[in-house]
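# Structural overview
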Amino acid sequence: MSSEPTRAPLLQVENLNAWYAESQALHGMSFEVPEGELVTLIGRNGAGKSTTLRSIMGIVRKRKGSIRFKGEELIGRQTYEIARRGIAYCPEERAIFASLSVRENLGLPPVLSAGGSTDEELLEQFPNLKARQNSMGTMLSGGEQQMLAIARILRTGSRFLLLDEPSEGLAPVVVKEIGQQILRLKERGYTILLVEQNLKFAQMVADRHVVVEHGQVVDVLAADQLQANMGRVKTYLGV
Amino acid sequence: MFDGISIQLLMGQLLIGLINGSFYAMLSMGLAIIFGLMHVVNFAHGAQYMLGAFIAWLLLNTLGINYWGALFIAPVVVAAFGIVMERLVLKPIHHLDHLYGLLATYAVTLIIEGLIRQQYGSSGLPYSSPIPGGVNLGFMFLPWYRLWVVLFSFAMCLGTWYLIEHTRLGSYLRAANENPEIVESFGINVPRMITLTYAFGVGLAGLSGVLAAPIYQVSPSMGSSLMIVIFAVVVIGGMGSIMGAILTGYLLGVVEGLTKVFYPEAANLVIFVIMILALILRPQGLFSKKEGA
Ligand SMILES: Nc1ncnc2c1ncn2[C@@H]1O[C@H](COP(=O)(O)OP(=O)(O)OP(=O)(O)O)[C@@H](O)[C@H]1O
Ligand SMILES: [Mg+2]
C-alpha cells in the first residue's frame with residue numbers, strides 16, 4: 001500500500017533507534033520527507049511520534065541509525081547545529097516562555113538564514129497575536145499559544161518545519177484556523193513534518209501519511225489512499 | 001534621636017551596612033544568575049571572590065599593576081578560570097543531580113583556599129586604598145573609596161539587571177532558564193551560553209574581590225566567611241531572581257548595620273533570623289515570581 005515519493009527527499013530517516021536512558025522508544029524507523037511536501041506522522045499515544053521529531057532535532061541524544069537532511073547526516077550533531085542547517089521545531093507542549101512577553105517570545109529565535117518572516121509580517125499573518133503582543137506569554141489562550149509557537153519559528157528562515165500536534169486540546173474553530181495557517185505555509189513552499197492524531201485535520205493538510213506503531217513505521221499512504229484504507233488506519237490509531 | 005545614640009554612630013553604621021550590602025548584592029546576584037541557568041549552587045563563589053582580591057594583591061606586589069588595572073584584569077582572569085572550571089568540572093556532571101554540582105564546587109573551594117593558604121599563609125595582607133582621603137559631611141567622615149565602592153557596585157548591579165531583563169541577549173538567558181532545549185532548538189549555542197554565563201557570574205565575584213581588597217584584608221578565608229551570609233541572602237531573596245538578590249543584598253546589609261546601632265548583640269544573628277522567618281513564611285523567596293517552593 002505504500003507509495004514511492006516522486007521528488008527528491010529533503011529528509012531521509014533510516015533504521016532510526018532512539019532511547020530515553022535505557023528504555024528504547026524507537027525501533028528502526030524509516031521514512032522520507034520529499035521537498036515541498038507535508039507529511040504526517042500518525043499513530044496512537046506513545047507510538048513514538050514526538051520522539052521521532054525530538055530525535056531529528058537532537059533533543060533525544062541517544063540514537064542510532066541515520067537521519068539525513070539535504071544529504072547530510074544529523075546523528076552526532078548538537079541540537080543548535082541541526083537547527084542552523086535549516087530545521088525548525090515546534091514542540092507538543094508549545095513551550096511558550098512564561099517570563100517573556102508575547103513580543104519577546106516571537107522575537108526570540110535568531111535569524112539563521114535569509115527568507116524568514118519579520119516580526120511585523122508575523123503579527124500581520126497571526127492577527128490574534130498582534131492585539132496581545134505586550135501580554136506575558138502564559139496569559140494567552142491555548143490557541144493563541146499554539147499560533148505563537150508556530151509563528152516564532154518562522155522567523156529563523158528555516159524551510160523545514162517539525163510541528164508536533166498543533167491541534168491538540170483546541171476547539172474545532174481554532175483547529176480549522178491553524179489548519180489554514182499550515183496550508184498557507186505549504187503554499188509558500190515550506191516542507192513540513194507534522195505529528196497529528198486528529199485524522200480529519202491530517203487529511204485536510206497532508207500529501208502523505210506515515211503510520212507509526214511501537215516505534216516503527218507500519219504504513220505509508222498517499223493522501224488519496226487514506227480514505228480507501230480508513231478502516232485499517234483507524235485500527236492503528238485505536239479509534 | 002534615640003537616647004544615647006549619636007547621629008555619627010547611626011550614619012557610620014548605615015554606611016558600613018551599605019558597603020556590606022553592596023558586596024552581598026553583587027555576590028548573590030552572580031550566584032542567582034548561575035543558579036537560574038545551571039541549577040548549580042556555586043559554592044566556589046566565595047573562593048572566586050577571594051581569588052579576585054588575591055590577584056589584585058599579586059598584580060600590585062609582583063608586577064606593579066595598580067588597583068585600576070586590577071579592576072579590569074582580575075575579573076577577566078577569574079572569569080577565564082571559571083570557563084576552565086565549567087568545562088572540566090561542571091559540564092561532565094551536568095546531567096547528574098545538581099547536588100553534585102554543589103559538592104564539586106565545594107571541592108574546588110577547598111582546593112583553592114588550601115593552595116593559597118599554603119603559599120601565602122592565613123593572615124590578612126594589606127591593600128592600600130587607591131583613593132585616599134574623604135569628605136567631612138559634618139555628621140560623619142565619608143572616605144572617597146567607600147563612596148566609590150557603593151556607587152560602582154550599584155552601577156554594576158543595575159547594569160547587569162538591565163542586561164538580563166531588557167536586552168535581547170538577556171531574553172535568551174531568561175528563556176534558557178525556563179527551557180534550554182527549546183532555546184537550543186532555535187539555533188542558539190546553549191552549551192556555550194552556559195559556559196559564558198558561569199564565567200560572567202564568576203567574573204562578577206572576582207570583581208567584587210578587587211573592590212573588597214582595600215576595605216577588608218586580603219586573606220584566604222575572606223570568601224568563605226562571607227559566603228554564609230550570601231547563601232542566606234539568596235535564600236531570602238529567592239534562588240533565581242536577579243532583582244530579588246540585589247534588593248535583598250542591600251536590605252540585609254542595612255538591616256545588619258542598623259542592628260549594630262540599636263541592638264549590637266544581635267548584629268551577627270539578625271540575617272539568619274530573617275532567613276529562618278523567610279523560610280517559614282515565604283519559602284519560595286521574597287522576590288520570587290513562582291508560587292510555592
Ligand atoms: N522523557 C521521556 N522519558 C522516558 N520515556 C519517554 C519520555 N518521553 C516519551 N517516553 C516514552 O517513549 C515512547 C514514545 O513516546 P512519544 O512521546 O514519542 O509518543 P507519541 O507518539 O508522541 O505519543 P502522544 O500521541 O501521546 O504524544 C512512549 O512509550 C513514552 O512513554
Ligand atoms: Mg507526542
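It should be noted that the structure appears before, not after, this text.
Residues numbered from 1 in each chain as written. Chains lettered and ligands numbered in written order. Predicted model: local features only at pLDDT ≥ 70, side-chain atom pairs only at ≥ 80, totals over all residues. Heavy atoms only, no water.

## Examining the overall build of chain A
The criterion, for reference: Each helix is a run of DSSP H or I of at least 4 residues and each strand a run of E of at least 2, with the numbering of both proceeding from the N terminus. Within these notes, the globule rule equals 2.2 Å times the number of residues to the 0.38 power, and the radius of gyration is based on C-alpha atoms. Each residue gets one of three labels from its accessible area relative to the maximum for its type: buried under 20%, exposed over 50%, partly exposed in between, using a 1.4 Å probe on protein chains only. Contact criterion: two residues are considered in contact whenever any of their non-hydrogen atoms come within 4.5 Å of each other. With residues, only the protein chains shown are counted as cover, and all accessible areas are computed by Shrake-Rupley using a 1.4 Å probe.
Scanning chain A from N- to C-terminus turns up ten helices and ten strands. Relative to the compact-globule value of 18 Å for 239 residues, chain A shows a C-alpha radius of gyration of 17 Å, a close match. If one aligns the C-alpha atoms of chain A with their principal axes, the spans along those axes are about 50 × 40 × 35 Å. Per-residue burial over chain A gives 56% buried out of 239 residues. For chain A, contacts bridging at least 24 residues in sequence account for 69% of all contacts bridging at least 6. Roughly 9700 Å² of accessible area belongs to chain A as shown, and the carbon and sulfur atoms make up 49% of that amount.

## What about the coordination of the magnesium ion (ligand 2)?
Residue and element names in this part refer to chain A. To keep things clear, this is the line we draw: Water is not part of the atom set, so a site may look incomplete; the donors themselves are N, O and S atoms within 2.8 Å of the metal, or 3.2 Å for Na, K and Ca.
Protein-derived coordination of the magnesium ion (ligand 2) comes from S50 (OG) and E92 (OE), at a distance range of 1.9 to 2.4 Å. Of this pair, S50 sits in helix α1 (residues 49-57) while E92 sits in the loop between β6 (87-90) and α3 (102-107), and the two are 42 residues apart along the sequence. Here E92 falls in the partly exposed class, since its relative accessible area comes to 24%.

## With respect to the nonpolar core
For the record, the criterion: For our purposes a nonpolar core is just a set of buried Ala, Val, Leu, Ile, Met, Phe, Trp, Tyr and Cys residues, chained together by side-chain atoms within 4.5 Å.
Counting 156 residues, the largest nonpolar core has L11(A) and L193(A) as its most contacted members. At 15 residues, helix α1 (residues 7-38) of chain B tops the list of elements feeding residues into this core. The contacts of L193(A), once residues within four sequence positions are left out, are L11(A), F31(A), V33(A), V39(A), L41(A), L53(A), I56(A), F160(A), L161(A), L162(A) and L163(A). Residues V211(A), L221(A), L226(A) and Y236(A) belong to the second largest nonpolar core, which totals ten residues.

## Topic: the sheet that holds strand β2 (residues 23-34) of chain A
All names here are of chain A. Condition: DSSP calls a pair of strands paired once it identifies at least 2 bridges connecting them.
Ordered by their spatial adjacency, four strands build an open sheet running β2-β1-β4-β5, and the pairing between neighbours is antiparallel. For this open sheet the edge positions go to β2 and β5 (72-73), each flanked by a neighbour on one side alone. As defined by bridge partners, strand β1 (residues 9-20) adjoins β2 across nine bridges and the pair is classed as antiparallel. Paired with A18 across the strands is L26, a residue of β2.

## Description of the packing of aromatic side chains
Stated formally: Stacked, tilted and edge-to-face are the three classes assigned to paired rings of Phe, Tyr and Trp, where Trp is represented by its six-membered ring and a pair needs centres within 6.5 Å; plane angles under 30 degrees give stacked, over 60 edge-to-face, the rest tilted. Counted as over-ring charges are cases with an Arg CZ or a Lys NZ within 6 Å of the ring centre that also lie within 35 degrees of the ring normal.
Overall, the coordinates contain 14 aromatic pairs over all chains when judged by the stated rule. An angle of 90 degrees between the planes, with centres 4.8 Å apart, marks the rings of Y67(B) and W68(B) as edge-to-face. Classification of Y67(B) as buried rests on a relative accessible area of 2%. Between the aromatic rings of Y67(B) and Y145(B), the centroid separation amounts to 5.5 Å while the plane-to-plane angle is 80 degrees, which identifies the pairing as edge-to-face. Remark: Y145(B) occurs in helix α5 (residues 144-166) and Y67(B) occurs in helix α3 (residues 67-90); sequence separation between them is 78 residues. A single burial state applies to Y67(B) and to Y145(B), both of which are buried. Members of the aromatic cluster, joined through ring pairs, are Y67(B), W68(B), Y127(B), Y145(B), W148(B) and F152(B). In this structure, R159(A) packs its charged tip against the face of Y190(A), placed 4.2 Å from the ring centre.

## Quick word on the layout of surface pockets
Applied cut-off: A 1.4 Å probe that fits but cannot get out identifies a cavity on a 1 Å grid over protein atoms alone, an open set with protein on both sides within 12 Å along at least five of seven lines counts as a pocket, and a residue lines either if it has an atom within 4 Å of a point. Grid points are joined across faces, edges and corners, and a volume is the space filled by probe spheres set on the points. Note on residue classes: Ala, Val, Leu, Ile, Met, Phe, Trp, Tyr, Cys and Pro are nonpolar, Asp, Glu, Lys and Arg are charged, and everything else, Gly too, is polar.
Roughly 720 Å³ of internal volume is contained in the second largest pocket. In this structure, the second largest pocket is lined by 25 residues; those nearest its centre are R61(A), H94(B), P180(B), E184(B) and I194(B). Of all the elements in the fold, those that place two or more residues in the lining of the second largest pocket are α1, α6 (168-178), α7 (180-185) and α8 (190-212) of chain B. With four residues, the single largest contributor to the lining of the second largest pocket is α8(B). Of the residues in the lining of the second largest pocket, the class split is ten nonpolar, ten polar and five charged.

## Some words on a nonpolar patch on the surface
Residues and elements named next belong to chain B. Defined as follows: Each patch is built from salt-bridge-free residues with over 30% relative accessible area, joining like charges within 9 Å and nonpolar side chains (Val, Leu, Ile, Met, Phe, Trp, Tyr) within 5 Å. The rule for a salt bridge is simple: a side-chain nitrogen of Lys or Arg has to be within 4 Å of a carboxyl oxygen of Asp or Glu.
Side chains of L269, V273, I276, L277, I280 and L281 sit close together on the surface and give an oily, nonpolar patch of about 630 Å² of accessible area. As for its placement among the helices and strands, L269 is situated in the loop between α10 (242-262) and α11 (270-281). Judged by relative accessible area, L269 falls into the exposed class, the value being 52%.

## Considerations on α10(B)
As a reminder, the rule being used: To estimate how far a helix should reach, multiply one less than its number of residues by 1.5 Å. Here a polar contact is taken to be a pair of N or O atoms separated by no more than 3.5 Å, where protein atoms must pair a possible hydrogen donor with a possible acceptor and residues adjacent in sequence count only if both atoms sit in side chains.
End to end, α10(B) covers 30 Å across 21 residues, agreeing with the expected 30 Å (1.5 Å per residue, within 8%). Two to three positions downstream of the cap, the backbone nitrogen of G244(B) sits 2.9 Å from a side-chain oxygen, assigning the N-cap of α10(B) to S241(B).

## Points about the pairing of β1(A)
If a strand is regular, its side chains alternate between the two faces of the sheet. All names here are of chain A. Between β1 and β2, which pair antiparallel in sequence order, lie two residues; one of them, A21, sits at a positive phi of approximately 50 degrees. In this structure, β1 lies alongside strand β4 (residues 63-69), joined through six bridges in antiparallel fashion. Looking across to β4, one finds that V13 is bridged to I67.

## A word on the environment of S171(B)
Mapped onto the elements, S171(B) comes out in helix α6. Owing to a relative accessible area of 4%, S171(B) belongs among the buried residues under this scheme. As for S171(B) and Q118(B), which are separated by 53 residues in sequence, their C-alpha atoms are 43 Å apart. With residues up to four places along the chain from it excluded, the contact list for S171(B) reads L100(A), E104(A), L108(A) and I164(B). Within the local environment of S171(B), its side chain forms a polar contact with the backbone oxygen of R168(B), the two atoms lying 2.7 Å apart.

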